[in-house]
Amino acid sequence: MKVRFWGVRGSIPVPGRQTNRYGGNTSCVEVRPRGQWPMIIDAGTGIRRLGKFLMESAFCNGSGTAYILISHTHWDHIQGLPFFSPFYTSGNRVHVFARQREDTHLQAVFASQTEDPYFPVPLSSLRADIQFHELVEGTRFSIDGAQVACTRLNHPWIAMAYRIDADHAAVVYCSDTAPFADVLLEHEFIKTPPQPGSPLPQAVADKLAQMREGLVTMCSGADLLIYDTQFTADEYRQRPHWGHSTPDDAIAIAREAGVKAVCLYHHAPMRTDEQQDAILAYYRDLCRRAGDPFEVIAAYEGLELVLGEDE
Ligand SMILES: [Zn+2]
Ligand SMILES: [Zn+2]
């Protein structure tokens, strides 16, 4: 399968000279098993260009099918969706998958994104056939022969990680998440950052440990682990309640799960290309010295990886 990165930034798009090489668009990764329709993980602003690319194939005459897996519905993971060109051609089929909410149906969440006064074209006017599929964590399903699994992450209002197995290879997408220590993030805004390292109530510690275990199990033996590494260690200490991790957290999971490559992803909006280069070089060196068997890479727009058997 091919994995292509169309948007690698967290929080907000940041075009400009200092972000040109890694790219300024927000979260969007395409996973394309050999000979199959695209599976798209997250619909940040990077999905706009992916949509244009798809319109050069079967999608231009309304005979395309796309599967969009949403980690969660924060802006940087859905903001490009109304600009996804295949939506505007009848005949195209688009399946959108995301975690089930207790209060609102998924379709209503996405419909509200394009309501007046935010956008001129309501969801109901799109020409493609769009179907919404609600997921609960732990659900396993298949898409055109690819196996998909999901598990919950530690993020305000909860995000989902996905694993896709196809062509005898596996990729895991794990964004956004805080480490599984210091704070349990659920359905509330935590105003005051907790002190990293402070003891937690046992029930909270148990829940975090269980969540982490679920993620490690899901990542087991994956060829590629794409991980939220928005923060440096210092930034994390100041904002542990924001729901993001550091490369150290990604590497710890990669070691336990025995993955073949770990990919730094969801780069902070203020991170310049030079700073990102330095972070990558530091962690590559750290893992080389530790004798880690996996590769450390950093996602950039246009990065294309081939996993397992491909043409
Ligand atoms: Zn995000
Ligand atoms: Zn988020």
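For the structure, check the block above.
Residues numbered from 1 in each chain as written. Chains lettered and ligands numbered in written order. Predicted model: local features only at pLDDT ≥ 70, side-chain atom pairs only at ≥ 80, totals over all residues. Heavy atoms only, no water.

Caption draft 1: Examining the coordination of the zinc ion (ligand 1) more closely. Here the zinc ion (ligand 1) is held by the protein donor atoms Asp76 (OD), His77 (NE2), Asp176 (OD) and His266 (NE2), which lie 2.1 Å from it. Coordination at the zinc ion (ligand 1) is irregular, judged from the four donor atoms that bind it and the angles of 89 to 165° they form at the metal. In primary sequence terms, the donor set of the zinc ion (ligand 1) follows D-H-x98-D-x89-H. Here the zinc ion (ligand 1) and the zinc ion (ligand 2) are spaced 3.7 Å apart, and both take Asp176 as a donor. A residue pair is termed long-range when its members are at least 10 positions apart, and His77 in helix H2 (residues 75-78) and Asp176 in the loop between strand S10 (169-174) and helix H4 (202-219) qualify at 99 residues. For the pair formed by His77 and Asp176, the shared burial category is buried. (Donors = N, O, S within 2.8 Å, 3.2 Å for Na, K, Ca; no water. Tetrahedral: all angles 85-135°; square planar, octahedral: opposite > 155°, others 65-115°. Helix = DSSP H or I, 4+ residues; strand = E, 2+ residues; numbered from the N terminus. Buried < 20%, exposed > 50% of the residue type's maximum accessible area, 1.4 Å probe, protein only.)

Caption draft 2: The pattern of salt bridges, seen in detail. Inspection of the entire model under this criterion finds 18 salt bridges. With its nearest N and O atoms 2.7 Å apart, the salt bridge here joins Asp165 to Arg163. Its relative accessible area of 27% is what places Asp165 among the partly exposed residues. Residue class for Arg163 comes out buried when judged on its relative accessible area of 14%. Of the charged contacts, one joins Arg288 and Asp285 as a salt bridge, the two residues approaching to 2.4 Å between their closest N and O atoms. Here the residue Arg288 and the residue Asp285 both occupy positions in helix H7 (residues 273-290), the gap between them amounting to three residues, near one helical turn. Each of Arg4, Glu30, Arg32 and Glu304 takes part in a single network of salt bridges with overlapping partners. (Salt bridge = Lys/Arg side-chain N within 4 Å of Asp/Glu carboxyl O.)

Caption draft 3: Structural detail: the coordination of the zinc ion (ligand 2). Looking at the zinc ion (ligand 2), the protein donor atoms are His72 (NE2), His74 (ND1), His155 (NE2) and Asp176 (OD), and they sit 2.1 to 2.7 Å from it. One way to put it: the four donor atoms around the zinc ion (ligand 2) meet at angles of 90 to 171°, and that makes the site irregular. Ordering the donors of the zinc ion (ligand 2) by residue number gives the pattern H-x1-H-x80-H-x20-D. By relative accessible area, which is 29% here, His74 ends up partly exposed.

Caption draft 4: Just the sheet that holds strand S13 (residues 295-298), in detail. If you walk across this open sheet you meet the seven strands as S7-S8-S9-S10-S11-S12-S13, and the pairing is mixed. The open sheet has two free edges, formed respectively by strand S7 (140-143) and S13, since each of these has just one partner strand. Averaged over all neighbouring strand pairs, the angle between strand axes comes to 20°, with direction disregarded. The pairing of strand S8 (residues 146-152) with strand S9 (residues 160-166) spans six bridges and is classified as antiparallel. Across the sheet, residue Gln147 finds its bridge partner in S9, namely Asp165. Across the sheet, H4 touches S8, S9, S10 and strand S11 (224-228), and the angle it forms with S8 is around 165°. Against the sheet, helix H6 (residues 247-257) engages S11 and strand S12 (261-265), with an angle of about 150° to S11. (Pairing = 2+ DSSP bridges. Axes fitted to C-alpha atoms, helices over the stretch in contact; angles between N-to-C directions. Contact = heavy atoms within 4.5 Å.)

Caption draft 5: Expanded view of the sheet that holds strand S6 (residues 129-135). Taken in spatial order, the seven strands make up an open sheet running S6-S5-S4-S3-S2-S1-S14, and their pairing is mixed. For this open sheet the edge positions go to S6 and strand S14 (304-306), each flanked by a neighbour on one side alone. Strand-to-strand twist of the sheet, defined as the mean angle between neighbouring strand axes without regard to direction, takes the value 20°. Where helix H1 (residues 47-54) meets the sheet, its contacts fall on strand S1 (2-7), strand S2 (28-32), strand S3 (39-41) and strand S4 (65-69), and the angle it forms with S2 comes to roughly 35°.

Caption draft 6: Fine view of the environment of Tyr162. Mapping Tyr162 onto the fold places it in strand S9. Between the C-alpha atom of Tyr162 and that of Phe5, which follows or precedes it by 157 residues, the distance is 16 Å. From its side chain, Tyr162 meets the backbone oxygen of Ile70 in a polar contact 2.8 Å long. (Polar contact = N/O pair within 3.5 Å; in protein donor to acceptor, adjacent residues only side chain to side chain.)

Caption draft 7: View of unusual backbone geometry. The omega torsion of the bond from Asp116 to Pro117 falls at 10°, within 30 degrees of zero and hence cis. On the secondary structure map, Pro117 appears in the loop between helix H3 (106-113) and S6. Located in the positive-phi region is Asp144, a residue other than glycine, with phi close to 50°. With respect to the helices and strands, the residue Asp144 is situated in the loop between S7 and S8. Phi at Ile158 is positive, roughly 70°, even though this residue is not glycine. Mapped onto the elements of the fold, Ile158 is located in the loop between S8 and S9. Assessed through its relative accessible area of 6%, Ile158 is described here as buried.

Caption draft 8: Geometry of H6. Listed as buried for H6 are Pro247, Ala250, Ile251, Ile253, Ala254 and Ala257. Projection of H6 onto a plane perpendicular to its axis shows the buried side chains occupying an angular sector of 160°, all on one side. In the stretch just after H6, Gly258 is the one whose phi turns positive, near 65°. (Arc of directions from axis to C-beta.)

Caption draft 9: Seen up close, the packing of H6 against H7. As a packed pair, H6 and H7 sit with axes 11 Å apart at the nearest point and diverge in direction by 35°. The handedness of the crossing between H6 and H7 comes out as right-handed. Taking contact as the criterion, the partners of Pro247, Asp248, Ile251 and Arg255 in H6 are, on H7, Ile279, Tyr283, Leu286, Cys287 and Ala290. By residue class, the composition of the contact of H6 with H7 is seven nonpolar, no polar and two charged. (Left-handed = near helix turned anticlockwise from the far one by under 90°. Nonpolar A, V, L, I, M, F, W, Y, C, P; charged D, E, K, R; others polar.)

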